[in-house]
Amino acid sequence: MPMLPPGVSESDWTEALNEFAGVIGRDWVFADDDAVELYKDPYSVFRDEPEQRLVSAAVAPYTVEEVQGLMRIANRYRIPMYPISTGKNLGHGGAEPNLSGSVILDLKRMNRIVNVDDRNHSILVEPGVTFYDFYDYVTRHNLDISVDIPDPAWGSFIGNALEHGLGHTNFYGRDRFQTCNGMEVVLADGTLVRTGAGAVPKSTTWQDHRYGYGPHLDGIFSQANYGVVTKMGFWARPAQTGYRAARIRLPRRDDLHAMIDADCYLSNAGIINGMWDYASDIPGTSMFGPPATDPNLAGMLGGGYVKPDVAGLEKYAADNGHGYWQIHVRMHGPEKITAAQWEFAKDYISQKIPGATFEEYGPVLNFPLSDEDFGKLNTPPHPQRVYLGIPSLARFSGFMRSEMNQNPTDGHLFYSPIIQKSAEDVFKSQEVFAQAFEDLQIQGPNFHFAFPLFHFPKAPHWVLPLRVTRDREVNRNTRRAYIELLRIAGENGWADYRAAPPFQDALANLASFNDHSLLRMSEKIKDALDPNGIISAGRGGIWPQHMREDEQV
Amino acid sequence: MRHWKMLALSLFAISGNAIAQEEHPGEIVFDTWCEICHGEDVAWSGGGTRALQVKYGGAIPAELLKRTDLTAEFITYYVRNGITSMPTFRYTEISKKQMEDLADYIISEANNE
């Protein structure tokens, strides 16, 4: 028998479950152990320990009216509810609530693609719609529209957006929430709200005009607990027309300064519109590739506390036809346009970085793809599907057992601090994390050659998976390390862009400017919109008034 | 290759082709949830297939649809409990009935090879 929701009597709980069933049918109220177990975070860093977040039940509505009905009941009985879209937030907590005993409001069945405008390029979807669903829909209907997607692509558009998730394709689109355009939200008392232009009855611009009139409130429903988002609009783009990939090699370590400055210019000017990826070009520096076999080279690479022999490596790179760094550049658009993008970028970077070399690789693709080109995706030098907005789990499978990963973990906890888009901050963060991972005795890459990812338009984020296994000692060490890494990052002005529920209080507390005035304001909004504190208590570090003293870190 | 399979299924559905009507109900579940990781083409959708290839070293087939040693109980256990990076799947994703169909489909496909 699953646990009772906190603060709810057994008789009230029985009544509430019956009333839930009256709204959505008994088949969609899950209150037995087998079903409830499935809402635990499969990558829980508290696996089988007393602190693991548990669930009292799950309810799965099919319509917004059913969501309203469920929320009215929950509000009357003061039952904590935890909405999830598809619960595929792996590495960041899955479907796990912040508060044990919450009822999961599972919105997976609400999977309607409400509208697709392939003329002015926007969409309106429900929370259960995944990136696979959308791609299949667009393909079946031969629509002239595309969106950025993440890998793994089995998650929800809305869930990804509300967690500030990211795609892999275009500069204007990779940051999902940046493309958000209008919401439908059920408040704690069941009130239905539409934001932006959608608040005007008969509006024809809900997904076109972001603001409507008045305060722009969409942001308060992300990484927070003020309402249940039941529909969300997004700006999209026309279908892919073409793709070109290239790499830039830089001879010297310090060339990175001019390179990232050039990236800022070329990206912000809209000249290079695809993903940039940074790496070293020296053998043995990638954590996904083989180690250096040349003992002289291996000795120069350093690692952990040991800094690399930069002068020696620059000479090695020059003598052996490598760059010290290599930067992958991706361009989207018609072939003539991407050719012009690349020509301009080469000229621009050549003027800034003497000795930089340039090379296109893989095919220049034109859409619609031929069967042959389509079949070669995900096989180097052909692009990954995700770079073209085609769903895949290829990158996700990097965590699975493979020739390079003979002993996979049972999950991971992502540590993902945001830094400034500058070589100064990249180098500084490499040094800080090299030291920290060594001090904490946790596995990581050779940070002297590792890079954050450049998904967010103007601020890269590190993606550092910490080990989660079935060994409690390993998980305890991961928890300790994560909290310490948060502290170390905070000292440098960096903070994660998202966190799993057990760590959201600690992350939210990094925002301590003016005695945590941001969090105090968030709490006032919580008290006003959800006075009984029934929605996702603790999410984003925001606890309802009656739980604050006990729960806050 | 789910992309092409979905296209084909939609064409069959439009034409009312008898082939669509004969589709095993578990195949839809497999195509939706399993094939994206346990597919035939490792580059496309074979993270799970590659993992099983490495785990068993070819002693048994890496593709689930070629395994003749699987039971419904075994398949259900891993869908509901996950393993390594494979997460659990909830009843709103794969219902109890769909789970039975899925297990039946995997077992029957392998034994029909």
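Each remark here, short or long, concerns the structure printed above.
Residues numbered from 1 in each chain as written. Chains lettered and ligands numbered in written order. Predicted model: local features only at pLDDT ≥ 70, side-chain atom pairs only at ≥ 80, totals over all residues. Heavy atoms only, no water.

Caption draft 1: Representation of helix α11 (residues 423-440) of chain A in the model. Residue and element names in this part refer to chain A. With 18 residues, α11 should reach 26 Å at 1.5 Å per residue; the first-to-last C-alpha distance of 25 Å fits that figure. Burial in α11 covers these residues: Ala 423, Asp 425, Val 426, Phe 427, Ser 429, Gln 430, Val 432, Phe 433, Ala 434, Ala 436, Phe 437 and Leu 440. Tucked into the core, α11 has its buried residues touching α6 (255-268), β12 (325-332), β14 (412-415), β15 (417-418), β16 (464-467) and α12 (472-491). (Helix = DSSP H or I, 4+ residues; strand = E, 2+ residues; numbered from the N terminus. Expected span 1.5 Å × (residues − 1). Buried < 20%, exposed > 50% of the residue type's maximum accessible area, 1.4 Å probe, protein only. Contact = heavy atoms within 4.5 Å.)

Caption draft 2: Up close: empty space enclosed by the protein. Residue and element names in this part refer to chain A. Under the definition given, this model contains 2 cavities of 30 Å³ or more. Roughly 70 Å³ of volume is contained in the second largest cavity. As for the second largest cavity, its lining consists of 16 residues, and the residues nearest its centre are Asp 41, Ser 44, Val 45, Glu 96 and Pro 502. When its residues are assigned to classes, the lining of the second largest cavity shows 7 nonpolar, 5 polar and 4 charged. (1 Å grid on protein atoms, 1.4 Å probe; cavity = no way out; pocket = protein on both sides within 12 Å on 5 of 7 lines; lining within 4 Å. Points joined across faces, edges and corners; volume = space filled by probe spheres on them. Nonpolar A, V, L, I, M, F, W, Y, C, P; charged D, E, K, R; others polar.)

Caption draft 3: A look at the packing of aromatic side chains. Residue and element names in this part refer to chain A. Tallied over the full model, the rule gives 32 aromatic pairs over all chains. Seen in terms of ring centroids, Trp 325 and Phe 451 are 5.1 Å apart; in terms of plane orientation they differ by 85 degrees. Their pairing is edge-to-face. A residue pair is termed long-range when its members are at least 10 positions apart, and Trp 325 in strand β12 and Phe 451 in the loop between α11 and β16 qualify at 126 residues. When sorted by exposure, Trp 325 lands in the same class as Phe 451, which is buried. (Phe/Tyr/Trp six-rings, centres within 6.5 Å; stacked < 30°, edge-to-face > 60°.)

Caption draft 4: How the structure looks around the sheet that holds β12(A). Residue and element names in this part refer to chain A. On the basis of which strands lie adjacent, the open sheet formed by 4 strands has the order β11-β12-β10-β13 and antiparallel pairing. Of all the strands in the sheet, the pair left with one neighbour each is β11 (276-280) and β13 (357-366). The average undirected angle you get between the axes of adjacent strands in this sheet is 15 degrees. Summarising the sheet, strand β10 (residues 242-250) and β13 pair through 7 bridges and their orientation is antiparallel. Looking across to β13, one finds that Gly 242 is bridged to Asn 366. Along the sheet, α6 makes contact with β10, β11 and β12, crossing β11 at roughly 170 degrees. (Pairing = 2+ DSSP bridges. Axes fitted to C-alpha atoms, helices over the stretch in contact; angles between N-to-C directions.)

Caption draft 5: Summary view of the sheet that holds strand β7 (residues 180-186) of chain A. Residue and element names in this part refer to chain A. With antiparallel pairing, 5 strands are arranged side by side in an open sheet as β5-β6-β9-β7-β8. Because the sheet does not close on itself, it has two edges, and the strands there are β5 (113-117) and β8 (192-194). Mean inter-strand twist for the sheet, computed between neighbouring axes without regard to direction, equals 10 degrees. Here β5 pairs with strand β6 (residues 122-125) via 4 bridges, running antiparallel. Along β6, the bridge assignment pairs Asn 115 with Leu 124. Contacts from helix α3 (residues 64-77) reach β7, β8 and β9 (228-235), with the element oriented near 50 degrees to β7. Contacting β5 and β6, helix α4 (residues 131-141) crosses the sheet at an angle of about 50 degrees to β5.

Caption draft 6: Summary view of the pairing of β16(A). All names here are of chain A. A one-sided burial pattern is seen for β16, the buried positions being Leu 464 and Leu 466 and the unburied ones Pro 465 and Arg 467. Pairing between β14 and β16: 4 bridges, direction antiparallel. Bridged to Leu 413 within β16 is Leu 466.

Caption draft 7: Quick look at the interface of chain B and chain A. Taken together, the 28 residues of chain B in the interface contact 47 residues of chain A. In this assembly, chain B packs against chain A so that about 3400 Å² is buried in total across both faces, 63% of it on carbon and sulfur atoms. Taken together, the connections running from chain B to chain A amount to 1 salt bridge. Note that B:Glu93 and A:Lys88 form a salt bridge whose closest N and O atoms lie 2.5 Å from each other. In this structure, the connection of chain B to chain A is made through 6 residue pairs in polar contact (both at pLDDT 80 or more). (Buried area = accessible area lost by both parts, 1.4 Å probe. Salt bridge = Lys/Arg side-chain N within 4 Å of Asp/Glu carboxyl O. Polar contact = N/O pair within 3.5 Å; in protein donor to acceptor, adjacent residues only side chain to side chain.)

Caption draft 8: Quick peek at the packing of α11(A) against α12(A). Residue and element names in this part refer to chain A. Packing of α11 against α12 brings their axes to within 11 Å, and their N-to-C directions diverge by 150 degrees. As far as their axial angle goes, α12 and α11 are roughly antiparallel. Classified by chirality, the crossing of α12 by α11 is right-handed. The segment α11 lies against α12, with Val 432, Ala 436, Phe 437 and Leu 440 engaging Asn 477, Ala 481, Glu 484, Leu 485 and Ile 488. Classifying every residue of the contact of α11 with α12 by side-chain character gives 7 nonpolar, 1 polar and 1 charged. (Parallel < 35°, antiparallel > 145°, perpendicular 65-115°, else oblique. Left-handed = near helix turned anticlockwise from the far one by under 90°.)

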